[in-house]
Amino acid sequence: MKFPQIRELLTGKQAGKKIVLRGWVARKRSSKKIAFLTIRDSTGRIQVSIVRENNEENYNIADKVGYESAVIIEGLLSEDARAPGGFEIKASKIEIIGPSENFPISKDQSQEFLLDVRHLALRSERLTAMLKINSSVFEALHVYFREEGYTEVQPPMFTTAGSEGGSTLFELKYFDKLVYLSQSWQLYAENFIYALEKAYTIAPSFRAEKSKTARHVTEYWHAEVEATWMDFEGLLELMENVISAICKNVAKKNAHELKVLNRDPKELLKIKPPFPRITYAEALDLLKKQEIDIPYGADLGGREERAIGKLFDKPVIVTRYPREIMAFYKKVDPENPKVCLNANLLAPDVGEIIDGSERESDMQKILESLEHEGLDPKDYDFYLDTRRYGSVPHSGFGMGVARVVMWLCGFDTIKDAIAFPRTMTRVKP
RNA sequence: GCCGGCAUAGCUCAGCGGUAGAGCUCUCGGCUGUUAACCGAGUGGCCACAGGUUCAAAUCCUGUUGCCGGCGCCA
């Protein structure tokens, strides 16, 4: 037997035909003569009506069925202007496959409660839409990188040194040693490219940051890319092209989901290169005009990033941050030793979603920077081999995928952009 | 780590010294094709925990725990 999905039914191509639908009860209303069920599946929602006088037995099933019960509905698919979506199933049979206990999620919900029952909240239209958009983002990344000749690799998650300094590493017992969970593939990336030239990974990163902001979680999926011979200009173009490819794919694959989230696919299709590019110094000037005074040398915070983002109708790339606040592997600008050849891509309302740079290829300068950050070069010995044996110019970046999803979905917190978000205070469900 | 806030029914909240409340969910009944319908009734509480003040504490005070928001840090 063929079971059509709801999105297919709502096209109306099978109107007038008898169909069999599998789904879950999302909503229910009844009066003396007629009962309505709203049935959902992974593709949408459709109304089912059942008239009592025709079918007392099945009317009673509909009248009593609990929210989120799994059901199989047989009936006639009919065009009906009174039904949301324009079509409804006039049911002849309702079979309960999996009855439902009193479903805890109802009309009034706090964010905290929804996170407590996140495993059930995933069934909502909103989070289902997010999961599908998220999948399209991953798809776009894989397709783009592979088409551009990048090889996908898998770095280890157990590590012995951090790439961003030690304070935000999760410590972990590893037999009789202490190790850390990976916070970036960086130290491995720069080794992979000597074999592959162009490499990428999409893997979890773990950060023990005690952050309680709308855009921080302790575990997130990190899309990272690294390539030999790529200069700074090439890096900026890569950022633009990746973001553009993601927007295009989501607009193409997720028209329904974007509509559920009140987002316009046409707006996404406008996100094409070139993006506005400004330097850190120019960013400070723009902020000053908005009466936000940041001393030179301070990193841009969430408030600053959002204020800059508002000035442009596309993501904006901010380049050349002060050297003091940059990680040791970032290349210093040969034309201005005070700044690095780095770039942050800021998305409207979200802030930083990509952090990248040309990498320092000179061994001596790397050692100086390590020392400056108080890191022990011995911990980075295998990494330093990248500079000992045939060092070449190279660049790369890391993207917080959940931040991209947050931006595309128009969410005001990253927690909604991840199926089971982990924060400082929440590790379940 | 710093600042601010919250904790009362399954959920969302009101009550702020004097008998524990409402709406929703759920159960039962009613009901013109309803759109998270509507009408009526019922079930449902160690008022986070531990001390203190008071004739009397959900309410005031102290501490503890849990959570939320903002900053910093970052993707």
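Residues numbered from 1 in each chain as written. Chains lettered and ligands numbered in written order. Predicted model: local features only at pLDDT ≥ 70, side-chain atom pairs only at ≥ 80, totals over all residues. Heavy atoms only, no water.

Caption draft 1: Structural context of unusual backbone geometry. Residues P273 and P274 are joined by a peptide bond in cis, for which omega reads 0 degrees. For P274, the location among the structural elements is in the loop between α9 (265-269) and β12 (277-279). A cis amide bond links K428 to the next residue, P429, at an omega of 5 degrees. For P429, the location among the structural elements is in the segment after α14 (401-409). Phi at E291 is positive, roughly 60 degrees, even though this residue is not glycine. (Helix = DSSP H or I, 4+ residues; strand = E, 2+ residues; numbered from the N terminus.)

Caption draft 2: Local environment of the environment of K28. Looking at the secondary structure, you find K28 in strand β1 (residues 18-30). Judged by relative accessible area, which is 26%, K28 ranks as partly exposed. Spatially, the C-alpha atoms of K28 and T38 are 6.1 Å apart, while their sequence positions differ by ten residues. The residues contacting K28, other than those within four sequence positions of it, are F36, L37, A62, D63, K64, V65 and Y67. Among the polar contacts made by the side chain of K28, one reaches the main-chain carbonyl oxygen of D63 at a distance of 3.2 Å. Within polar-contact distance, the side chain of K28 engages the backbone oxygen of V65 at 2.8 Å. (Buried < 20%, exposed > 50% of the residue type's maximum accessible area, 1.4 Å probe, protein only. Contact = heavy atoms within 4.5 Å. Polar contact = N/O pair within 3.5 Å; in protein donor to acceptor, adjacent residues only side chain to side chain.)

Caption draft 3: Layout of the packing of helix α5 (residues 125-147) against helix α7 (residues 232-253). One can describe the packing of α5 onto α7 by two numbers: an axis separation of 8 Å at closest approach and a directional angle of 135 degrees. In terms of orientation, α5 lies oblique with respect to α7. Between α5 and α7 lies a crossing of right-handed hand. Together, I133, S136, V137, E139, A140, L141, Y144 and F145 of α5 and L238, N241, V242, A245, I246, N249, V250 and K253 of α7 make up the contact between the two elements. (Axes fitted to C-alpha atoms, helices over the stretch in contact; angles between N-to-C directions. Parallel < 35°, antiparallel > 145°, perpendicular 65-115°, else oblique. Left-handed = near helix turned anticlockwise from the far one by under 90°.)

Caption draft 4: Layout of the domain arrangement of chain A. Structurally, chain A comprises domain 1 (6-98) and domain 2 (115-417). Of note, the centres of domain 1 and domain 2, computed from C-alpha atoms alone, are 46 Å apart. Between domain 1 and domain 2, the residue contacts involve eight residues of the former and six residues of the latter. Both sides together, the interface formed by domain 1 and domain 2 hides about 570 Å², and carbon and sulfur atoms give 39% of it. When residues of domain 1 are sorted by the area they lose upon contact with domain 2, R7, S42 and R45 head the list and together hold 59% of the total. The tally of links between domain 1 and domain 2 comes to three salt bridges. R7 is the partner of E257 in a salt bridge, and the nearest nitrogen-oxygen pair spans 3.1 Å. Counting every contact that joins domain 1 to domain 2 gives four residue pairs in polar contact (both at pLDDT 80 or more). When the residues that make up the side of domain 1 that touches domain 2 are grouped by side-chain class, the tally is one nonpolar, three polar and four charged. (Domains from an automatic or database assignment. Buried area = accessible area lost by both parts, 1.4 Å probe. Salt bridge = Lys/Arg side-chain N within 4 Å of Asp/Glu carboxyl O. Nonpolar A, V, L, I, M, F, W, Y, C, P; charged D, E, K, R; others polar.)

Caption draft 5: The arrangement of the packing of aromatic side chains in detail. Taken as a whole, this structure holds 13 aromatic pairs when the rule is applied. Ring plane angle 70 degrees and centroid distance 6.2 Å describe the contact between F138 and W221, whose orientation is recorded as edge-to-face. Placement of the pair is F138 in helix α5 and W221 in strand β11 (residues 219-228), with a sequence separation of 83 residues. Put simply, the rings of Y144, F145, Y150 and Y200 touch in pairs and so form one group of aromatic residues. For R22, the ring lying beneath its charged end belongs to F3, and the centroid distance is 3.9 Å. (Phe/Tyr/Trp six-rings, centres within 6.5 Å; stacked < 30°, edge-to-face > 60°. Lys NZ or Arg CZ within 6 Å of the ring centre and 35° of its normal.)

Caption draft 6: Up close: a nonpolar patch on the surface. On the surface, a cluster of nonpolar side chains totalling about 360 Å² of accessible area is made up of F158, Y174 and F175. With respect to the element layout, F158 can be found in strand β7 (residues 158-159). Classification of F158 as partly exposed rests on a relative accessible area of 45%. (Patch = residues over 30% accessible without salt bridge, like charges linked within 9 Å, V, L, I, M, F, W, Y side chains within 5 Å. Areas by Shrake-Rupley, 256 points an atom, 1.4 Å probe, with all protein chains shown as cover.)

Caption draft 7: View of the sheet that holds strand β9 (residues 177-181). Ordered by their spatial adjacency, three strands build an open sheet running β7-β9-β8, and the pairing between neighbours is antiparallel. For this open sheet the edge positions go to β7 and β8 (171-174), each flanked by a neighbour on one side alone. The sheet contact formed by β7 and β9 spans two bridges and is antiparallel. Looking across to β9, one finds that F158 is bridged to L181. (Pairing = 2+ DSSP bridges.)

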